[in-house]
Amino acid sequence: MHKPKVFVTRKIPDAGISLLRECCDVRVYPKDQVISRKELMNGVKWCDALLCLLTEKIDKEVFDTNPHLKIIANYAVGFDNIDVKYATSKRIPVTNTPGVLEDAVAEHTFALLLTITKKIVEADTFTRAGKYRFWEPLLFISPQLKGKTLGIIGLGRIGSLVAEKAVAMGIKVIYTDIQRNSSFERQFHARFVSKEVLLENADFVSLHVPLLPSTHHLIGSKELNMMKKTAYLINTSRGPVVDEKALVQALKKKMIAGAALDVYEFEPKLTSGLTKLRNVVLTPHIASATREARQAMSIIAAKNILAVLNGKKALTPINPEVYTK
Ligand code: NAD
């Protein structure tokens, strides 16, 4: 019997692939690099279901190349790499991987916050270089987090977990979002404020919005100028949410104390000057990279594909309208 064909654009953790192999003909792009456009198109032409990463641009051309495509399963919670509107017009479900990577990203956000504020990278370099000769009262002085204020921009799944962890550490939380969450405010004594009030008052600003036209350059030179000179910016959302050129300038001029970034405006390229700065910590888009999250993401992507190939609704569709229109 003809088995449905699934094309996976990069090697991902086994759990999901094994599930798919039980009843599908699965091809995984074998090279350890981002798939070329030509190879992507060949894979799409061949398959019934595509499992792709945020490194692949899934635009009109991709959808049009195979009119029989049944589902796009994105191996990420963000989906700014996919023309979801066009997918909906073609009644193709697009799925993401919510509910399994939030803890990983929230933990990484804290790792970045602690690393930048406690000057861990500089202190490590200093110690390795044999510069630690005696205890010094003023060596690598840093702010205490307890009692300070964290400003969360985007109190969704990840933002609210970051807020929860902050409250557990005695950090006050203020947040801004396009919608209020009153029960969260009550439970965690969090205060809803405008973006401006948040920028003026937060000691640490953490970004957790999706990349949308409305969030592109949500933080630019005007916003950086509003932040305290002693404040830190943490970005684990999407690079283009921050105007990276403006950020480099603000860091050079010490308009803010520092920034810790997991995502970049033109990633994997970094804006010129960024790596020369000492008041930044940079990680290569690994916020969700725990073993647990990455396995669970592969299972969700696989289950979405299996559901659709079996004539059922996708489990986590970004465009559930495909089932009602
Ligand atoms: P979510 O949809 O649960 O939360 C996003 C929140 O942002 C929502 O509450 C929404 O109302 C709010 N929002 C939208 N537009 C806004 C605006 N203009 N101003 C203020 N708030 C706004 O999403 P999530 O699961 O919490 O993930 C957030 C983002 O994190 C994802 O879209 C993705 O881009 C990014 N992410 C990054 C990594 C990584 O590896 N670095 C991993 C996972 C997710």
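Residues numbered from 1 in each chain as written. Predicted model: local features only at pLDDT ≥ 70, side-chain atom pairs only at ≥ 80, totals over all residues. Heavy atoms only, no water.

What should I look at first to understand the overall build of the chain in this one?
Secondary structure summary: the chain contains twelve helices and twelve strands in total. Its C-alpha radius of gyration of 22 Å places the chain within 12% of the 20 Å reference for a compact globule of 325 residues. Taken along the three principal axes of its C-alpha coordinates, the chain extends 75 × 50 × 30 Å. Relative to its full complement of 325 residues, the chain shows a buried share of 50%. Of the contacts formed within the chain by residues at least 6 apart in sequence, a portion of 59% connects residues at least 24 apart. Here the chain displays about 16500 Å² of accessible surface, and carbon together with sulfur accounts for 55% of that area. Here the chain contributes 47 positively and 32 negatively charged side chains, and the mean placements of these two sets differ by 1 Å. (Helix = DSSP H or I, 4+ residues; strand = E, 2+ residues; numbered from the N terminus. Rg over C-alpha atoms; globule rule 2.2 N^0.38 Å. Buried < 20%, exposed > 50% of the residue type's maximum accessible area, 1.4 Å probe, protein only. Contact = heavy atoms within 4.5 Å. Areas by Shrake-Rupley, 256 points an atom, 1.4 Å probe, with all protein chains shown as cover. Lys, Arg positive; Asp, Glu negative; His and termini not counted. Charge placed at Lys NZ, Arg CZ, Asp CG, Glu CD.)

Explain the site of the ligand here, please?
Residues in contact with the ligand amount to 24 residues; listed here are only the nearest, Arg-157, Ile-158, Asp-177, Thr-236 and Asp-262. In this structure, a nitrogen atom belonging to the ligand sits 3.0 Å away from a main-chain N or O atom of Thr-236. When isolated, the ligand has an accessible area of 870 Å², and the protein chains bury 87% of it. Tallied by class, residues from the shell around the ligand come to ten nonpolar, ten polar and four charged. (Near = heavy atom within 4 Å. Polar contact = N/O pair within 3.5 Å; in protein donor to acceptor, adjacent residues only side chain to side chain. Nonpolar A, V, L, I, M, F, W, Y, C, P; charged D, E, K, R; others polar.)

Help me understand the pairing of strand β11 (residues 258-261) in this model?
Side-chain direction in a regular strand flips from residue to residue, so the side chains alternate between the two faces of the sheet. The alternating pattern of β11 places Gly-258 and Ala-260 and Ala-259 and Leu-261 on opposite faces, both of which are buried. Taking the sense of rotation as the criterion, the β-α-β connection linking strand β10 (residues 232-235), helix α11 (residues 244-252) and β11 turns out right-handed. Pairing between β11 and strand β12 (residues 280-282): three bridges, direction parallel. Residue pairing in the sheet places Ala-260 in a bridge with Val-281 of β12. (Right-handed = clockwise from strand over helix to strand, strands pointing away. Pairing = 2+ DSSP bridges.)

In this structure, what is going on with helix α5 (residues 102-117)? I would like to understand it.
For an α-helix, the turn length of 3.6 residues means that residues three or four places apart are oriented alike. Taking 1.5 Å of rise per residue, the 16 residues of α5 would be expected to cover 22 Å, and the 22 Å separating its terminal C-alpha atoms lies within 8% of that figure. Counted residue by residue, α5 has twelve buried out of 16 residues, so it is predominantly covered. Three or more residues of α5 are buried, namely Glu-102, Ala-104, Val-105, Ala-106, His-108, Thr-109, Phe-110, Leu-112, Leu-113, Thr-115, Ile-116 and Thr-117. Lys-119 sits one or two positions beyond α5 and adopts a positive phi of about 55°. (Expected span 1.5 Å × (residues − 1).)

Whenever I open this one, the packing of aromatic side chains confuses me. Can you help?
Where two aromatic rings form a pair, the distance of their centres and the angle of their planes describe that pair. Counted by the stated rule, this structure contains five aromatic pairs. For the ring pair Tyr-175 and Phe-192, a centre distance of 5.2 Å and an interplane angle of 70° mean the geometry is edge-to-face. Taken together, the positions of Tyr-175 in strand β7 (residues 172-176) and Phe-192 in strand β8 (residues 191-192) put the pair 17 residues apart, joining distant regions of the chain. On the basis of relative accessible area, Tyr-175 is assigned to the buried category, the value being 0%. For the ring pair Phe-184 and Phe-188, a centre distance of 4.6 Å and an interplane angle of 35° mean the geometry is tilted. Linking Phe-184 with Phe-188, this pair stays in helix α8 (residues 182-188), spanning four residues, or about one helical turn. Here the two residues Phe-184 and Phe-188 agree in accessibility, since each one is buried. The residue whose ring lies beneath Lys-60 is Tyr-86, and the NZ or CZ to ring-centre distance is 5.5 Å. (Phe/Tyr/Trp six-rings, centres within 6.5 Å; stacked < 30°, edge-to-face > 60°. Lys NZ or Arg CZ within 6 Å of the ring centre and 35° of its normal.)

So what exactly am I meant to see when it comes to the packing of α5 against helix α7 (residues 157-168) here?
Two numbers describe a pair of packed helices, the interaxial angle and the distance between the axes. Running from N to C, α5 and α7 point in directions that differ by 50°, and their axes come no closer than 9 Å. On the basis of the axis angle, α5 is oblique to α7. As for how α5 packs across α7, the hand of that crossing is right-handed. Residue-level inspection shows Glu-102, Asp-103, Val-105, Ala-106, Glu-107, Thr-109 and Phe-110 of α5 in contact with α7, the latter providing Arg-157, Ile-158, Leu-161, Val-162, Lys-165 and Ala-166. Its residues assigned to classes, the contact of α5 with α7 shows seven nonpolar, one polar and five charged. (Axes fitted to C-alpha atoms, helices over the stretch in contact; angles between N-to-C directions. Parallel < 35°, antiparallel > 145°, perpendicular 65-115°, else oblique. Left-handed = near helix turned anticlockwise from the far one by under 90°.)

Before we go on, may I ask you to explain the sheet that holds strand β1 (residues 5-8) in this structure?
Note on sheets: strands pair through backbone hydrogen bonds, and any given pair is parallel or antiparallel. Reading across from one edge, β2-β1-β3-β4-β5 is the order of the five strands in this open sheet, with parallel pairing throughout. Whereas interior strands pair on both sides, the edge strands pair on one side only; in this sheet they are β2 (25-28) and β5 (94-95). Pairing analysis gives two bridges linking strand β4 (residues 71-74) to β5, with the strands arranged parallel. Residue pairing in the sheet places Ile-72 in a bridge with Val-94 of β5. Taken strand by strand, helix α2 (residues 37-46) contacts β1, β2 and β3 (49-52), and its axis lies near 165° from that of β1.

Without other data, these values stay purely geometric and don't point to any function.
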